[in-house]
Amino acid sequence: AIRLTDEQLKSFDFVIGCLLEYQDLQVMHEFRGVIDKLAGVFSQLRNPAASAYIEFEKAPYYKGIELRDQLLDAIRSRNVLAIQYTTFGRSYPIKHIIDPYLVKEYKIGWYIIGLLHNKQKPVTLALDRIGSIEPVPVDYLENTSLDLKDYFSNFLGITYTQGPVEDIVLQVSPTLANYIKTQHLHASQKIIKEDKTGMRISLKLIV
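About the criteria used
Residues numbered from 1 in each chain as written. Predicted model: local features only at pLDDT ≥ 70, side-chain atom pairs only at ≥ 80, totals over all residues. Heavy atoms only, no water. Helix = DSSP H or I, 4+ residues; strand = E, 2+ residues; numbered from the N terminus. Buried < 20%, exposed > 50% of the residue type's maximum accessible area, 1.4 Å probe, protein only. Pairing = 2+ DSSP bridges. Axes fitted to C-alpha atoms, helices over the stretch in contact; angles between N-to-C directions. Contact = heavy atoms within 4.5 Å.

Novice: Please set out unusual backbone geometry residue by residue, giving values where relevant.
Specialist: Its identity is not glycine, yet Arg-78 carries a phi of approximately 55°, on the positive side. With respect to the helices and strands, the residue Arg-78 is situated in the loop between helix H3 (68-77) and strand E1 (80-85). For Gln-120, which is not a glycine, the phi torsion comes out positive at approximately 50°. A relative accessible area of 54% places Gln-120 in the exposed class.

This is the structure in structure tokens:
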């Protein structure tokens, strides 16, 4: 069991309070689940008897997670990397020379986003399919083309897609309507119409 002093509990109380205060800001949306979990853990620490009635999801195992710090160091140091990468369905690796810009968690995995050095083309690589990483003694290309704040805002998934943002309309069956309302497919999701035949929603995405 974890034992905290009154002073430590007050500090936790202050930090959790600050996070809850700002959780509705757009920049915090990605961390809302983490904030809720921290608030729950803190509540449990204040009332240890509640531990018999609440269970938090254990952190899953991510293959390749051990590469995360190495990749972050490469981004900070502006190092070009040679990455041996094996895609699903292929038995041998391909070497990619990339300028790394961002390490991102998405659903059940971690990814490195950067630029293919020779083609100057965006690339997303899953950490669980990386075999090896080696620095390459060439000049690092600074990121001048990828807006990493909005990089994932106009498509679903983790792989960069080029094209115009379009209005997409989906008809959802009545049995799925409540799921889609509580677990949005995308931040742009809006309900156009809802009746006994189901629900019609709109999304703004690159197809």
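Novice: Would you mind going over the sheet that holds strand E6 (residues 165-172) in detail, with residue names and values included?
Specialist: In space, the three strands of this open sheet follow the order E6-E8-E7, with antiparallel pairing throughout. Each having just a single partner strand, E6 and strand E7 (190-195) make up the two edges of the open sheet. The mean inter-strand angle of the sheet, taken between neighbouring strand axes irrespective of direction, is 20°. Note that E6 and strand E8 (residues 198-206) share eight bridges and pair antiparallel. Residue pairing across strands places Asp-167 opposite Lys-204, the latter belonging to E8. The sheet contacts of helix H4 (residues 174-182) involve E6, E7 and E8, and relative to E8 the element is tilted by about 50°.

Novice: Could you give an account of the sheet that holds strand E5 (residues 130-136), naming the residues involved and the relevant values?
Specialist: Reading across from one edge, E4-E3-E2-E1-E5 is the order of the five strands in this open sheet, with antiparallel pairing throughout. Among the strands making up the open sheet, the edge pair consists of strand E4 (121-126) and E5. Each strand of the sheet is rotated relative to its neighbour by a mean of 45°, with strand direction disregarded. Judged from the five bridges that link them, E1 and strand E2 (residues 94-106) form a sheet pairing that is antiparallel. When the bridges of E2 are listed, Gln-84 appears paired with Lys-95. Here H3 sits on the sheet in contact with E1, E2, strand E3 (109-116) and E5, set at roughly 105° to E2.

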